[in-house]
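Structure assessment
The residues making up each chain are set out below.
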Amino acid sequence: DPLRKGGRLYRTGDIARFLPDGNLEFLGRADFQVKIRGFRIELGEIEAALEQQPGVRQAVVVASDEPSGNKSLAAYLVAKAGESPTSNSLRAALESTLPDYMIPSHFVFLESLPLTANGKVDRKSLPAVSSLAVNTESVDDPPQGEIEQMIAQAWAEVLGAGRIRRHDNFFDLGGHSLTALQIAFKLRQMFNVDFSLQAFMETPVLSAQAKHLEEKLLQQADAGLLDELIGEMQQERNH
């Protein structure tokens, strides 16, 4: 023990800190600490914040591998009886208490969490986010119109995703603020309009984002010239 001569410390894998009154506050397990986009994250802190939400009974957060090769956070949740929390409402609640890099990219709702023989949550048995995403693609909801198609292509290039549907939420597909910034920059170049990161965050659904950009284009050009403008952008993209 470096603090007490003759004392002994044990490596338990627990993370704690001393409080001003001399007591120890348990923060979580070292083996549940991950590194995402350069930040060290204690998963237990996110889980605790989720379980404080009115409709959530249990929450487990893990680091998930994305098709792009990067890691993102996935939250697996069990709702309280009679409650139906949504990913958007939970994301909004977390944004008021946690930094952006600790907001899960995926929210997966389960009937129950898998358990080990000892009654602990079996994190290795949680369904892969990628397999769940494939299952949801059975609903045919392709982008409509040139603007939606062009935005969908930009999303797919940055996220490394395959099929993008018009009612997909960017953050449910694994997006975060850094990838949102990349796409916002792409869209500014593609459409030659003022499209800020804040505007992107306020319209994370593909169809809503397309509508917002279309309104921007209409502000800059007569309605009769809109089709011509989109055609020119399409030709530039093909070249």
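Residues numbered from 1 in each chain as written. Predicted model: local features only at pLDDT ≥ 70, side-chain atom pairs only at ≥ 80, totals over all residues. Heavy atoms only, no water.

Before going further, it helps to examine the overall build of the chain. Summing up its helical and strand segments, the chain has eight helices and seven strands in all. Counting all 239 residues of the chain, 38% fall into the buried class. For the chain, long-range pairs separated by at least 24 residues make up 51% of all intrachain contacts whose partners lie at least 6 apart in sequence. (Helix = DSSP H or I, 4+ residues; strand = E, 2+ residues; numbered from the N terminus. Buried < 20%, exposed > 50% of the residue type's maximum accessible area, 1.4 Å probe, protein only. Contact = heavy atoms within 4.5 Å.)

Glancing now at helix α4 (residues 145-159). For α4, built from 15 residues, the straight-helix expectation of 21 Å at 1.5 Å per residue is met to within 8% by its first-to-last C-alpha distance of 21 Å. Listed in full, the buried residues belonging to α4 are Ile-147, Glu-148, Met-150, Ile-151, Ala-152, Ala-154, Trp-155, Ala-156, Val-158 and Leu-159. Downstream of α4 by one or two residues, Gly-160 has phi in the positive range, about 70 degrees. (Expected span 1.5 Å × (residues − 1).)

A few words on a nonpolar patch on the surface. Taken together, the side chains of Leu-3, Phe-18 and Leu-24 present a nonpolar region at the surface, about 410 Å² in accessible area. Of note, Leu-3 is situated in the segment before β1 (14-18). Residue classification places Leu-3 among the exposed positions, given a relative accessible area of 72%. (Patch = residues over 30% accessible without salt bridge, like charges linked within 9 Å, V, L, I, M, F, W, Y side chains within 5 Å. Areas by Shrake-Rupley, 256 points an atom, 1.4 Å probe, with all protein chains shown as cover. Salt bridge = Lys/Arg side-chain N within 4 Å of Asp/Glu carboxyl O.)

Okay, the environment of Gln-182 next. Tracing the sequence through the fold places Gln-182 in helix α5 (residues 177-191). Looking at Gln-182, the relative accessible area reads 45%, which means it is partly exposed. Residues Gln-182 and Leu-197, 15 residues apart in the sequence, show an inter-C-alpha distance of 9.1 Å.

Before going further, it helps to examine the layout of surface pockets. Volume-wise, the second largest pocket comes out at about 370 Å³. Elements with a contribution of two residues or more to the lining of the second largest pocket: β1 and β2 (24-29). Residue contributions to the lining of the second largest pocket peak at five residues, all from β1. For the lining of the second largest pocket, the residue count by class is eight nonpolar, one polar and four charged. (1 Å grid on protein atoms, 1.4 Å probe; cavity = no way out; pocket = protein on both sides within 12 Å on 5 of 7 lines; lining within 4 Å. Points joined across faces, edges and corners; volume = space filled by probe spheres on them. Nonpolar A, V, L, I, M, F, W, Y, C, P; charged D, E, K, R; others polar.)

As a further point, take the environment of Ala-154. You can see Ala-154 is positioned in helix α4. For Ala-154, a relative accessible area of 2% puts it in the buried group. Separated by 33 residues in sequence, Ala-154 and Leu-187 place their C-alpha atoms 7.8 Å apart. Residue contacts for Ala-154: discarding those within four places in its chain leaves Ile-183, Lys-186, Leu-187 and Met-190.

Moving on, we come to empty space enclosed by the protein. It is the rolling of a water-molecule-sized probe over the atoms that shows where space remains empty. On inspection of all chains with the given rule, the structure shows two cavities of 30 Å³ or more. Estimated volume of the largest cavity: approximately 90 Å³. Along its surface, the largest cavity is lined by twelve residues, and Arg-91, Asp-100, Ile-103, Phe-171 and His-176 are the ones closest to its centre. Its residues assigned to classes, the lining of the largest cavity shows four nonpolar, four polar and four charged.

This part takes up α5. For α5, which comprises 15 residues, the first-to-last C-alpha distance of 21 Å matches the rise-based estimate of 21 Å (1.5 Å per residue) to within 8%. For α5, every residue scored as buried is listed here: Ser-177, Thr-179, Ala-180, Ile-183, Ala-184, Leu-187 and Phe-191. Each buried residue of α5 sits inside an arc of 150 degrees when the element is viewed along its axis, so together they form one side. Of the residues flanking the end of α5, it is Asn-192, one or two places downstream, whose phi is positive at about 55 degrees. (Arc of directions from axis to C-beta.)

These figures come from the coordinates and say nothing about function on their own.
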